Amino acid sequence: DGGITQSPKYLFRKEGQNVTLSCEQNLNHDAMYWYRQDPGQGLRLIYYSQIVNDFQKGDIAEGYSVSREKKESFPLTVTSAQKNPTAFYLCASSHQNSPLHFGNGTRLTVT
Amino acid sequence: AQSVTQLGSHVSVSEGALVLLRCNYSSSVPPYLFWYVQYPNQGLQLLLKYTSAATLVKGINGFEAEFKKSETSFHLTKPSAHMSDAAEYFCAVSSLAQGGSEKLVFGKGTKLTVNP
């Protein structure tokens, strides 16, 4: 069954540590996206990638970094420079402008 | 620039009652419009989409939405609410004329509660 796998589901880190969130898809989609969701804020785009080895900043890229070395994988690193990292992070993918297909998210808590 | 306004961050209905979730959009080009549903601690699932074909769009789980250009609205309805409809609903707008899904703009969401 095709889909997007985000792991882990819950992640806890101490302030000042970098943390990497995993996103893997087996849908053969070209484009992949990272969104951040905060209560009452909707979804905000962090980074996106339309092709391997290329990615673009979204609306709130500061304090985050990504890589796209394989078509199936688009990991997101939350760096210590991100001032408010605690949030629900959603990975999505799409193919040729089809609607976004989402993973089940990773809830990151930084204390 | 495109934007979406969802009127009402919380909506509460009784089981069996009509569900109406409001969405108004702003777009300088013909829009593509979407409704997504999110259950607790899960990702978003596409309910339905409007892409310039029929103005009344039918989606999954008995939901439908009507595109009204004159009112710049795309309200989501369901004739009879079920307990399983309790979730958060997001309206989103984009335009293929302006690129791909990275141009998708989401509303802030409406949390639907269904009372027995």
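What counts as what
- Residues numbered from 1 in each chain as written.
- Chains lettered and ligands numbered in written order.
- Predicted model: local features only at pLDDT ≥ 70, side-chain atom pairs only at ≥ 80, totals over all residues.
- Heavy atoms only, no water.
- Helix = DSSP H or I, 4+ residues; strand = E, 2+ residues; numbered from the N terminus.
- Rg over C-alpha atoms; globule rule 2.2 N^0.38 Å.
- Buried < 20%, exposed > 50% of the residue type's maximum accessible area, 1.4 Å probe, protein only.
- Areas by Shrake-Rupley, 256 points an atom, 1.4 Å probe, with all protein chains shown as cover.
- Contact = heavy atoms within 4.5 Å.
- Polar contact = N/O pair within 3.5 Å; in protein donor to acceptor, adjacent residues only side chain to side chain.
- Salt bridge = Lys/Arg side-chain N within 4 Å of Asp/Glu carboxyl O.
- Pairing = 2+ DSSP bridges.
- Axes fitted to C-alpha atoms, helices over the stretch in contact; angles between N-to-C directions.

Asker: What's the story with the overall build of chain B in this structure? I'm lost.
Answerer: Assigned secondary structure in chain B consists of zero helices and eleven strands. Over its C-alpha atoms chain B spans a radius of gyration of 14 Å, differing by no more than 12% from the 13 Å that the globule rule assigns to 116 residues. The dimensions of chain B, computed from C-alpha atoms along their principal axes, are 45 × 30 × 20 Å. Counting the 116 residues in chain B, one finds 44% classified as buried. Carbon and sulfur atoms form 53% of the exposed surface of chain B, whose accessible area is close to 5,400 Å².

Asker: In this structure, what is going on with the environment of Gln6(B)? I would like to understand it.
Answerer: Residue and element names in this part refer to chain B. Among the structural elements, Gln6 can be located in strand β1 (residues 3-7). Linking Gln6 and Thr55, residues 49 residues apart in sequence, is a C-alpha distance of 19 Å. With sequence-adjacent residues up to four places away left out, Gln6 is seen in contact with Arg22, Trp35, Tyr89, Phe90, Cys91, Gly107, Lys108, Gly109 and Thr110. There is a polar contact of 3.0 Å between the side chain of Gln6 and the backbone nitrogen of Cys91.

Asker: Would you take a moment to explain the interface of chain A and chain B for this structure?
Answerer: How big an interface is tends to be stated in terms of accessible area lost as the parts join. Between chain A and chain B, the contact holds 23 residues from the first and 20 residues from the second. Seen at the junction of chain A and chain B, the total is zero salt bridges. The interface formed by chain A and chain B holds five residue pairs in polar contact (both at pLDDT 80 or more) in total. Where the side of chain A that touches chain B is concerned, the elements lending two or more residues are β4 (31-37), β5 (43-51) and β9 (87-94) of chain A. Per-element accounting of the side of chain A that touches chain B gives the leading share, four residues, to β5(A).

Asker: Quick question: what am I supposed to make of the sheet that holds strand β3 (residues 19-25) of chain A here?
Answerer: Note: strands within a sheet are paired through backbone hydrogen bonds, in either parallel or antiparallel orientation. Residues and elements named next belong to chain A. With antiparallel pairing, the four strands of this open sheet are ordered in space as β1-β3-β8-β7. Where the open sheet ends on each side, the last strands, each with one partner, are β1 (4-7) and β7 (64-66). Mean inter-strand twist for the sheet, computed between neighbouring axes without regard to direction, equals 20°.

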